[in-house]
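# Examination of the molecular architecture
Here is how the chains run, residue by residue.
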Amino acid sequence: MNQERILQGRAQAGVLQTNKVLRNTYMLLSLTLLFSAVTAGIAMALQVGMAGYWIAFIGGFVTLLALPRFANSSTGIALVFLFTGLLGFALGPILNLYLTMFTNGGQIVMMALGGTGVIFLGLSGYALTTKKDFSFLQGFLMVGILLAVVASFATLFFHVPVFSLAISGVFVLLMSGMILFQTSQIIHGGETNYIMATVNLYVALYNLFLSLLRILAAFAGNR
Amino acid sequence: MGGSLPVWGQVLTGLAILLLLVFFGPSAWRAARESPKGSAGDWLGLLIPIGGVVLFVILLIAMARG
């Protein structure tokens, strides 16, 4: 009888812990997305060029590498905001490019933004309601994302638009898998650190948005 | 080869690819080997949400083309 109560208590504590991680992750993710939007707006208003993009992007990448060391302290939260702020700032020049390059650039940007939101809500809702365990995706996603990043760097050498577009399509699929995997990890207790969960989801959303932007511009952009 | 990328850009890009493979390659391969393997049912279960995403992107493109 006592043992049963202890087991019930442990199960309840596990559920409470999972709900806490989930709530904190979504709260921090919302705040960082808003912060990114603000820094992207600032970069757009200042008409920051590609040099500014590279500085912010490399700064963001360095911050990302440092993040796991501080994920269990309050410094981690400051670093998440620094990271997302820098990546948001790096978005500014890209968005300006799309807005000036295409007559329907504004529509494309808004559709990519809305599409990212719908995909994120749909996939998170699917993982949360079905409670399926997507941990089997871990290895596949790590290798897949690494190869896709290497391939996207390679497009800088070989200017083949179809290849670049195909990589964007692959990124949409990989980032969708990442959202399912990360949400499932939180639900099943595989991820207990909301700072790292936020960073992983943010990176997935960021790449998803950029990939949708490229795909929509390729198929529906009017020059 | 190289497109419009200047020589220094090509060197930096090549270096970035090399660094990515050296730093993240081993951990990615290890994760692929050691992470739990999904059953056929697991992979089939993945088809529903991923298929939904593909259809949604096609719908988005159709809407954007108007």
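This write-up is about the structure you can find in this document. (Residues numbered from 1 in each chain as written. Chains lettered and ligands numbered in written order. Predicted model: local features only at pLDDT ≥ 70, side-chain atom pairs only at ≥ 80, totals over all residues. Heavy atoms only, no water.)

## Considering the overall build of chain A
Condition: Comment: elements are numbered from the N terminus, with helices defined as DSSP H or I runs of at least four residues and strands as E runs of at least two. The globule rule used here is 2.2 Å times the number of residues to the 0.38 power, and the radius of gyration it is set against is calculated over C-alpha atoms. Any two residues whose heavy atoms approach within 4.5 Å at even a single point are treated as in contact.
A count of helical and extended segments in chain A gives 7 helices and 0 strands. Along chain A, helices and strands appear, N-terminal first, in the series α-α-α-α-α-α-α. On C-alpha atoms alone, chain A measures out to a radius of gyration of 19 Å, which is about the 17 Å that the 2.2 N^0.38 rule sets for 223 residues. Within chain A, residue pairs in contact and separated by at least 24 positions form 82% of the contacts whose partners lie at least 6 positions apart.

## A short note on the packing of aromatic side chains
What counts is decided by this rule: Here a pair means two rings of Phe, Tyr or Trp (six-membered ring of Trp) with centres within 6.5 Å. Their orientation is stacked below 30 degrees between planes, edge-to-face above 60, and tilted elsewhere. Each residue gets one of three labels from its accessible area relative to the maximum for its type: buried under 20%, exposed over 50%, partly exposed in between, using a 1.4 Å probe on protein chains only.
Using the criterion set out here, one finds 11 aromatic pairs over all chains in the structure. Taking the centre distance of 5.8 Å and the plane angle of 20 degrees together, the rings of Y53(A) and F57(A) count as stacked. Of the two residues, Y53(A) and F57(A) are both situated in helix α2 (residues 50-66); the distance of 4 residues between them amounts to about one turn of the helix. The class of Y53(A) is buried, set by a relative accessible area of 12%. Here the aromatic rings of F136(A) and W43(B) are separated by 5.0 Å at their centres, their planes lie at 70 degrees, and the arrangement is edge-to-face. Taken together, the positions of F136(A) in the loop between α4 (105-130) and α5 (138-154) and W43(B) in helix α2 (residues 40-65) put the pair across two chains. What makes F136(A) buried here is its relative accessible area of 7%. An aromatic cluster of at least three residues, connected via ring pairs, comprises F134(A), F136(A), F140(A) and W43(B).

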